[in-house]
Amino acid sequence: MEVIIAKDRAELAEVAAGIIREQILRKPNSVLGLATGSTPEETYARLVKYHKEEGLDFSKITTFNLDEYIGLPPSHDQSYHYFMADRLFKHVNVNPENVHVPMGMAPDPAAFCEWYEDEMEKAGGVDLQLLGIGGDGHIAFNEPGSSLASRTRVKTLTEQTIKDNADLFFGKGQEHLVPKFAITMGVGTILEAKKLLLIAYGKRKAGIVKKFVEGPVTSQVTASALQLHPDSIVVIDNEAAAELEHKDYYKWVYSQKGELQKVLDRLAGN
Ligand code: F6R
């Protein structure tokens with residue numbers, strides 16, 4: 001797991017958007033796994049900027065979102081369909097036919113979840129999966145106790161997640177408006193992506209960042225499953241990195257990246 005510590009939120013978004021841009025440039029028909037929440041907002045804003053200013057091309061990109069609340073129609077302004085259209089899709093040239101967000105109004109959610117997994121497989125699997133992390137360590141809506149082998153399914157959100165999402169989106173004290181259930185990719189589904197990119201910022205994430213990066217792999221902190229993935233990158237700001245024991249080493253590794261590349265190039269005779 002590569003840990004990149006950015007000085008602040010803006011630098012974090014720049015690094016994360018840069019990794020996604022590089023993926024799109026390297027493979028214009030990439031399959032991107034996308035997340036919602038407050039954390040990726042600035043990253044999406046940067047991707048929109050790259051599209052508008054540099055012509056970053058989304059026309060061959062396919063997307064699969066991690067999750068959606070059950071019971072919210074796509075037109076609801078707190079649905080993840082709405083969030084994605086508002087922050088990214090309507091500002092770039094992605095083909096709407098290639099966009100997938102779980103359907104919170106599906107009459108048969110279990111059948112929908114199976115279909116969603118099949119669609120991901122038919123698309124060739126996710127090349128790069130963007131992730132945030134909840135205060136309880138969840139990735140997507142895989143709350144504590146979710147099997148590390150879980151697949152796309154219906155989950156009941158914890159009271160903490162409902163409160164966090166009320167505070168950030170529905171309004172403080174508006175917990176009763178936040179749906180209690182969601183369709184979410186499973187941890188096993190997420191681990192099948194070829195590359196994982198988890199982003200987090202701020203003091204409120206420092207404790208959980210310490211747990212998932214340096215603690216044991218456990219279904220009680222589903223983000224810790226990133227330790228099992230051969231190509232996962234964690235980009236956090238200084239505040240979220242505050243409790244990491246090996247912070248200096250992660251910074252050192254990052255500072256030596258150019259040097260390492262020179263050594264590898266020399267060995268390869270370039
Ligand atoms: C959203 C998602 C969630 C969020 C997490 C962090 O699609 O899957 O796991 O990434 O709850 O949310 P924020 O970014 O609002 O702190």
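Please refer to the structure placed before this passage.
Cut-offs and rules
Each chain has its residues counted from 1, following the order in which its sequence is written. Where local features are concerned, this predicted model is filtered to residues with pLDDT of at least 70; where side-chain atom pairs are given and counted, the filter is 80 or more; whole-chain, interface and lining totals use all residues. Water and hydrogen atoms play no part in the side-chain values, which are based on all heavy atoms of the structure. Residues enter patches when their relative accessible area tops 30% and they take part in no salt bridge; the joining distance is 9 Å for like charges and 5 Å for the nonpolar side chains Val, Leu, Ile, Met, Phe, Trp and Tyr. All accessibility values rest on the Shrake-Rupley procedure with a 1.4 Å probe; residue burial counts only the protein chains present in the view. A pair is scored as a salt bridge if a Lys or Arg side-chain nitrogen falls within 4 Å of a carboxyl oxygen belonging to Asp or Glu. Every helix listed is a DSSP run of H or I at least four residues long, and every strand listed is a run of E at least two residues long, numbered separately from the N terminus. Each residue is placed in one exposure class: buried if its accessible area under a 1.4 Å probe, protein chains only, is under 20% of its type's maximum, exposed if it is over 50%, and partly exposed if it falls in between. Strands are treated as partners if at least two bridges between them are detected by DSSP. Should any heavy atoms of two residues lie within 4.5 Å, those residues are counted as being in contact. Between N-to-C directions, angles span 0 to 180 degrees; the directions come from axes that are lines fitted to C-alpha atoms, helices contributing only their stretch in contact. Buried and open spaces are told apart on a 1 Å grid over the protein atoms alone, a cavity being a set of points where a 1.4 Å probe fits but cannot get out and a pocket being an open set with protein on both sides within 12 Å along at least five of seven lines. Residues with an atom within 4 Å of a point are the lining residues. Grid points are joined across faces, edges and corners, and a volume is the space filled by probe spheres set on the points. In these notes, residues near a molecule or strand are those with any non-hydrogen atom within 4 Å of it. Nitrogen and oxygen atoms within 3.5 Å of one another constitute a polar contact, given that in protein one can donate a hydrogen and the other can accept it, and given that sequence-neighbouring residues count only through two side-chain atoms. Being in a pocket or cavity means that more than half of the molecule's atoms lie within 2 Å of its grid points. Note on residue classes: Ala, Val, Leu, Ile, Met, Phe, Trp, Tyr, Cys and Pro are nonpolar, Asp, Glu, Lys and Arg are charged, and everything else, Gly too, is polar. The span expected for a helix works out to 1.5 Å for each residue beyond the first. The arc in question is traced by the directions running from the helix axis to the C-beta atoms. Positive residues here are Lys and Arg, negative ones are Asp and Glu, while His and the chain termini are left out of the count. We put the charge of a Lys on NZ, of an Arg on CZ, of an Asp on CG and of a Glu on CD.

Enquirer: Break down a nonpolar patch on the surface for me, citing the residues and quoting the values.
Expert: A surface patch of nonpolar side chains, amounting to about 380 Å² of accessible area, comprises Leu260, Val263, Leu264 and Leu267. If you trace the backbone, Leu267 turns up in helix α9 (residues 257-267). Taking relative accessible area as the criterion, Leu267 reaches 70% and is therefore assigned exposed.

Enquirer: Account for the sheet that holds strand β2 (residues 31-34), naming residues and giving values.
Expert: Within the open sheet, the seven strands sit side by side as β1-β10-β9-β6-β2-β3-β5. Their pairing is parallel. Of all strands in the sheet, those with a lone pairing partner are β1 (2-6) and β5 (99-100), marking the two edges. On the sheet, helix α4 (residues 109-122) packs against β3 (62-65) and β5 and is oriented at approximately 150° with respect to β3.

Enquirer: If you had to explain empty space enclosed by the protein to someone new, which residues and values would you point to?
Expert: What the rule picks out here adds up to one cavity of 30 Å³ or more. Its volume calculated, the largest cavity comes out at about 330 Å³. Lining of the largest cavity is provided by 24 residues; of these, Thr36, Gly37, Ile133, His138 and Asn165 occupy positions nearest its centre. At five residues, helix α5 (residues 159-170) tops the list of elements feeding residues into the lining of the largest cavity.

Enquirer: Go over the site of the ligand with me, naming the residues and quoting the values.
Expert: Surveying the vicinity of the ligand reveals 15 residues, the closest of which are Thr39, Asp67, His138, Ala140 and Lys205. Here Ser38 contributes a backbone N or O atom positioned 2.9 Å from an oxygen atom of the ligand. Within the side chain of His138, a nitrogen or oxygen atom sits 2.7 Å from an oxygen atom of the ligand. In isolation the ligand exposes 410 Å². Once the protein is present, 96% of that is buried. Here the ligand occupies the largest cavity. Across the shell around the ligand, the residue classes break down as five nonpolar, seven polar and three charged.

Enquirer: Can you explain the side chain of Glu117? Please cite residues and give values.
Expert: Mapped onto the elements, Glu117 comes out in helix α4. The class of Glu117 is buried, set by a relative accessible area of 15%. With residues up to four places along the chain from it excluded, the contact list for Glu117 reads Arg151, Thr152 and Thr189.

Enquirer: Hey, could you go over helix α2 (residues 41-54) for me, with residue numbers and the actual values?
Expert: Spanning 14 residues, α2 covers 20 Å between terminal C-alpha atoms, matching the ideal 20 Å at 1.5 Å per step. Restricting attention to buried positions, one finds in α2 the residues Thr43, Tyr44, Leu47, Val48, Tyr50 and His51. The buried residues of α2 all sit within an arc of 155° when viewed along its axis, so they share a single face. Of the residues in α2, the exposed ones pointing more than 90 degrees away from the buried face are Lys52 and Glu53.

Enquirer: Which residues make up a negative patch on the surface, and what values do they have?
Expert: A cluster of acidic residues, Asp108, Glu114, Asp118 and Glu121, forms a negative patch on the protein surface. Relative to the helices and strands, Asp118 is located in helix α4.

Everything listed here is a matter of geometry and, on its own, says nothing about what the molecule does.
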